[in-house]
Amino acid sequence: MRPTKGIHIVFPGKILNSVISFQAIDGRYLLFVPLEDRTILGTTDDDFFGDPDDVEILRDEVEYLLHSAEKFIKNIRSFKPYSTKVGLRPTPYVYGVNEDKITREFEIEDEDGIIHVLGGKLASFRLLSEIVSDFISQKLGVKTKCKTHILPLPGADDIDEKFDGNFVAYSEKVKEE
């Protein structure tokens, strides 16, 4: 595993009404994500070599996000953030590749009955959880399939209104590939 670190800045209120992807000062892509009563800006992507129980947010990382965001929203610094978030991605080990080029695809490994999940992204966690649940169910001989792909998260609109059943077909297609 090659852990990479990512931080987000959380602003109160909606700075924007839509998710916006834009290019950072180094050419990577960042996101503004409005979510309920806040807006999230992120994310950084750096190799992490320390203790996973002691992950800190560095001033340079916050400045990188703010400086990059200023290209898109000139007055971003007038919005006072109320928190920052940090996490480690369990990306697969790849030598000699820049950390932002490491795949975010996930791998599932069965090592003598211990299931390891490497990689993935928060954006695909429901698909990942479905595939892992079905994998474990199959190993245990359970015939029931995971239904996370057809159940909306609490607070969400009814999924059928948005996807007309096509989401299930898409989910099945992704699992087959």
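The sections below set out a description of the structure shown in this document. Note that the structure is predicted; figures quoted are calculated from it, not measured.

**Here's the deal with the overall build of the protein**
For step 1, the next point in the chain: Secondary structure assignment for the protein yields 4 helices and 8 strands.
For step 2, the next point in the chain: Listed N to C, the secondary structure of the protein is β-β-β-β-β-α-β-β-β-α-α-α in terms of helices and strands.
For step 3, the next point in the chain: By the burial criterion, 31% of the 177 residues in the protein qualify as buried.
For step 4, the next point in the chain: Sequence-distant contacts in the protein: of pairs separated by 6 or more residues, those separated by 24 or more amount to 62%.
For step 5, the next point in the chain: Of the accessible surface of the protein, which amounts to about 11700 Å², a share of 55% is contributed by carbon and sulfur atoms.

**Some words on the pattern of salt bridges**
For step 1, the next point in the chain: Enumeration over the complete set of coordinates arrives at 8 salt bridges.
For step 2, the next point in the chain: Note that D47 is salt-bridged to R2, the shortest N-O span being 2.7 Å. A residue pair is termed long-range when its members are at least 10 positions apart, and D47 in strand β5 (residues 46-47) and R2 in strand β1 (residues 2-12) qualify at 45 residues.
For step 3, the next point in the chain: For D47, a relative accessible area of 22% translates into the label partly exposed.
For step 4, the next point in the chain: Overall, the relative accessible area of 11% leaves R2 in the buried class.
For step 5, the next point in the chain: Residue E70 pairs with R77 through a salt bridge whose shortest N-O separation is 2.7 Å.
For step 6, the next point in the chain: Look at the salt bridges and you will find they share partners, linking E36, D37 and R38 into a network.

**What to know about the pairing of strand β7 (residues 106-111)**
For step 1, the next point in the chain: Judged from the 6 bridges that link them, β7 and strand β8 (residues 114-119) form a sheet pairing that is antiparallel. In the sheet register, E111 faces β8, and the bridge partner there is I114.

**Regarding a negative patch on the surface**
For step 1, the next point in the chain: On the surface, a cluster of negative charge is made up of D51, D53, D54 and E56.
For step 2, the next point in the chain: Within the element layout of this structure, D51 appears in the loop between β5 and α1 (59-70).
For step 3, the next point in the chain: Accessibility expressed as a relative area gives 44% for D51, which makes it partly exposed.

**Re the environment of F49**
For step 1, the next point in the chain: On the secondary structure map, F49 appears in the loop between β5 and α1.
For step 2, the next point in the chain: Separated by 46 residues in the primary sequence, F49 and P3 have C-alpha atoms spaced 7.5 Å apart.

**What to know about the pairing of β1**
For step 1, the next point in the chain: Among the 11 residues in β1, 8 count as buried, and that is most of the element.
For step 2, the next point in the chain: Inspection of the sheet shows β1 paired to strand β6 (residues 83-91) by 9 bridges, in the antiparallel sense. Opposite H8, over in β6, you have K85 as the bridge partner.
For step 3, the next point in the chain: Of the pairings in the sheet, the one linking β1 to β5 comprises 2 bridges and is antiparallel in character. Each residue of the ladder has a partner; that of T4, found in β5, is D47.
For step 4, the next point in the chain: Examined bridge by bridge, β1 and strand β4 (residues 38-42) share 5 bridges and lie antiparallel to one another. Paired with P12 across the two strands is R38, which belongs to β4.

Reading the values: the criteria
- Residues numbered from 1 in each chain as written.
- Predicted model: local features only at pLDDT ≥ 70, side-chain atom pairs only at ≥ 80, totals over all residues.
- Heavy atoms only, no water.
- Helix = DSSP H or I, 4+ residues; strand = E, 2+ residues; numbered from the N terminus.
- Buried < 20%, exposed > 50% of the residue type's maximum accessible area, 1.4 Å probe, protein only.
- Contact = heavy atoms within 4.5 Å.
- Areas by Shrake-Rupley, 256 points an atom, 1.4 Å probe, with all protein chains shown as cover.
- Salt bridge = Lys/Arg side-chain N within 4 Å of Asp/Glu carboxyl O.
- Pairing = 2+ DSSP bridges.
- Patch = residues over 30% accessible without salt bridge, like charges linked within 9 Å, V, L, I, M, F, W, Y side chains within 5 Å.
- Lys, Arg positive; Asp, Glu negative; His and termini not counted.
- Charge placed at Lys NZ, Arg CZ, Asp CG, Glu CD.

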